[in-house]
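Inside the fold
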Amino acid sequence: MDAEKKAAVELLIKKNILVSPELLSKIEKIGMKGIQELENNPAMLQEALQEQAEKTPSVHIAFSYNETPKKRDCKDFVDYFNARYNAIEKILASRPEMKNTTTVGRLKLSKGRNISLIGAIMEKQTTKKGNILLKIEDPTGIANVLVNKNKRTAYETATDSVHDEIIGITGMSNGDIIFANNILLPEIPIHELKKSPYEGHAIFLSDLHVGSKKFLSEPFTKFLKWINGTTGSPEQRDLAKKVKYVFIAGDIVDGVGIYPNQEEELEITDIYEQYKRCAELLRQIPVSKKIIIAPGNHDSMRISEPQPSFQGDIFQPLLKLPNIYPVSNPAYITIDKTPDFPGIDVLLYHGYSFDYYVANVESIRTTGGYDRGDLIMKFLLQRRHLAPAHSSTLYIPGDTDPLTITRVPDIFATGHIHRSAVSSYKGVTLISSSCWQGKTSFQERLGHKPQPARVPTINLKTREAKVLKFGTDEE
Ligand SMILES: [Fe+2]
Ligand SMILES: [Fe+2]
């Protein structure tokens, strides 16, 4: 490299400008004089930076669980529940309605007064008169809370409440029982709709189930053709060109021995071969597009959450892909982050806990169930936890609880229910990805209606969402 070119490259590095092959050839053309001009001309420099940021995807893994496995004991469970309780209590205590909260231990002192209290729901029952009686626990004891059916808002919240969730209560205490006026959820604040200053799209896949006889190879090939810009309308091809990030929310293979007699439904019965095939497919996604990939309950690892990222022999074919970013389930990823823009935060979670909420939350069950993945996501955001009921998923206890939604994401992306939904709640985009597997006999028995071969896409500059279809609804 001649001295002039070397000086120019050093200058660009100093300015945090990535020296791409395209830029190197430009340097050759314009020479050092042109580079100096770039330095002395802020508008031109800004343009160069903008051009670079638009072309260069940036993936920052803000949180991916990576704890080494160890033997857990009773203390880990206590620490885990305390970590969850303290984190959610802190969020609740910051609500203006929850000023001057008391504790269960001090209730007797508040007889006949309006109080506010924070606690976890231990039991819930409907009384003969149709009211709801909640048994609430905080670190100082257990209290009974009566929610009268005539207090509509409190009653509706109590009806939807699940065991173990941590709530705030305002009401009148008679020393033994609290008559609730209102029930408060930790909630998320209204979130500013953050738009990237750079052109680019993120797309959301999930539940490929490679290895299953029902893997939808034809629609997936159609998807691969689209992402390579060889099929679709001019508008669709343009969108494909602008895709910078491909998120995959788990269940990437069908796995082996996941449910009884699964082998009868497998095309590929060797788990190594399933991941090899999956990698062959994902290799066909252009390397310029970054693939952020998390495991799900069909993947070959423990199903207790958080599930660590793909690592180890079995996943080698995947890990060899140059554009892959393996993350845990759940994980927080920031995309499009530059020195000038904080980036867009994505919370990626497979969604194993979702089945519980479809079955147990009345407002979800009666307004669409599995068809309304967005309602499940809203329910979890309001509770600031990915599995507020302990029995809704399996978990690994530790001194933190990574399933607590400590930070409010810009995009909350999930899978698992094999149906796609795009919605938004208080400025957070909610995405339930579709799947690439036709209806299995198991789903047939449960009455599930998968909605395969759909790809939700988000324009990061406008935050507009679109769902692309690569198959027919009958698949
Ligand atoms: Fe799945
Ligand atoms: Fe799943």
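Here the structure is a predicted model, which means the values were calculated and not measured. (Residues numbered from 1 in each chain as written. Chains lettered and ligands numbered in written order. Predicted model: local features only at pLDDT ≥ 70, side-chain atom pairs only at ≥ 80, totals over all residues. Heavy atoms only, no water.)

1. Overview of the domain arrangement of the chain
Assigned domains within the chain: domain 1 (3–55), domain 2 (59–70 + 190–469) and domain 3 (96–184). Look at where the C-alpha atoms of domain 2 and domain 3 centre, and you get two points 37 Å apart. When domain 2 packs against domain 3, the two sides together hide about 700 Å² of surface, and 49% of this comes from carbon and sulfur. The tally of links from domain 2 across to domain 3 stands at one salt bridge. Our enumeration of links across domain 2 and domain 3 arrives at four residue pairs in polar contact (both at pLDDT 80 or more). Elements supplying a minimum of two residues to the side of domain 2 that touches domain 3: helix H10 (354–360), helix H11 (362–365) and helix H12 (373–383). Grouping the amino acids of the side of domain 2 that touches domain 3 by side-chain chemistry returns six nonpolar, three polar and two charged. (Domains from an automatic or database assignment. Buried area = accessible area lost by both parts, 1.4 Å probe. Salt bridge = Lys/Arg side-chain N within 4 Å of Asp/Glu carboxyl O. Polar contact = N/O pair within 3.5 Å; in protein donor to acceptor, adjacent residues only side chain to side chain. Helix = DSSP H or I, 4+ residues; strand = E, 2+ residues; numbered from the N terminus. Nonpolar A, V, L, I, M, F, W, Y, C, P; charged D, E, K, R; others polar.)

2. Overview of the coordination of the iron ion (ligand 1)
Protein ligation of the iron ion (ligand 1) involves Asp207 (OD), His209 (NE2), Asp251 (OD) and His418 (NE2), the donor distances falling in the range 1.9 to 2.2 Å. Here the iron ion (ligand 1) is ringed by four donor atoms whose angles at the metal span 87 to 174°, and the overall shape comes out irregular. Mapped onto the polypeptide sequence, the residues donating to the iron ion (ligand 1) form the spacing pattern D-x1-H-x41-D-x166-H. For the pair the iron ion (ligand 1) and the iron ion (ligand 2), the metal-to-metal distance amounts to 3.4 Å, and Asp251 bridges them. Taken as a pair, His209 in the loop between strand E7 (201–205) and helix H6 (217–227) and His418 in the loop between strand E13 (411–414) and strand E14 (421–425) lie far apart in primary sequence, 209 residues in all. Like His418, His209 is buried. (Donors = N, O, S within 2.8 Å, 3.2 Å for Na, K, Ca; no water. Tetrahedral: all angles 85-135°; square planar, octahedral: opposite > 155°, others 65-115°. Buried < 20%, exposed > 50% of the residue type's maximum accessible area, 1.4 Å probe, protein only.)

3. Some details on the coordination of the iron ion (ligand 2)
Here the iron ion (ligand 2) is held by Asp251 (OD), Asn297 (OD1), His350 (NE2) and His416 (ND1), and the distances to it run 2.1 to 2.2 Å. One can describe the site at the iron ion (ligand 2) as irregular: its four donor atoms subtend angles covering 85 to 156° at the metal. Each donor residue of the iron ion (ligand 2) lies on one chain, and together they are spaced D-x45-N-x52-H-x65-H.

4. Focus on the pairing of strand E3 (residues 132–138)
In E3, alternate side chains face the same way, and those of Ile132, Leu134, Ile136 and Asp138 are buried while those of Leu133, Lys135 and Glu137 on the opposite face are not. Pairing between strand E2 (residues 114–126) and E3: six bridges, direction antiparallel. From the neighbouring strand, Gln125 faces E3, where its bridge partner is Leu133. Counting the residues that bridge the hairpin from E2 to E3 gives five residues, and of these Gly130 lies at a positive phi of roughly 85°. Relative to strand E4 (residues 141–147), E3 runs antiparallel, the two being bridged by seven bridges. In the strand pairing of E4, Lys135 is matched with Asn144. Taken together, E3 and the strand that follows it, E4, pair antiparallel across an intervening segment of two residues. (Pairing = 2+ DSSP bridges.)

5. Let's talk about the pairing of strand E16 (residues 454–459)
Taken across its six residues, E16 has six buried, putting it largely inside the fold. The alternating pattern of E16 places Arg454, Pro456 and Ile458 on one face and Val455, Thr457 and Asn459 on the opposite face, and all of these are buried. Of the pairings in the sheet, the one linking E7 to E16 comprises three bridges and is antiparallel in character. Bridge pairing in E16 places Ile203 opposite Thr457. By the bridge criterion, five bridges tie E16 to strand E17 (residues 465–469) in an arrangement that is antiparallel. Residue Val455 lies in a different strand from E17, and its bridge partner there is Leu468. If you look at the hairpin formed by E16 and E17, you'll find five residues sitting between the two strands, and Arg463 has a positive phi there, around 65°.

6. As for the sheet that holds strand E5 (residues 166–173)
Around the barrel, five strands lie side by side as E2-E3-E4-E6-E5; this closed barrel has mixed pairing. Along the sheet, successive strands turn relative to each other by an average axial angle of 55°, direction set aside. In this sheet, strand E6 (residues 177–184) lies alongside E4 in parallel orientation, the contact comprising three bridges. In the strand pairing of E6, Asn144 is matched with Ile177. The strands touched by helix H5 (residues 152–160) are E2, E3, E4 and E6; relative to E6, the strand with the most contacts, the crossing angle is about 90°. (Axes fitted to C-alpha atoms, helices over the stretch in contact; angles between N-to-C directions. Contact = heavy atoms within 4.5 Å.)

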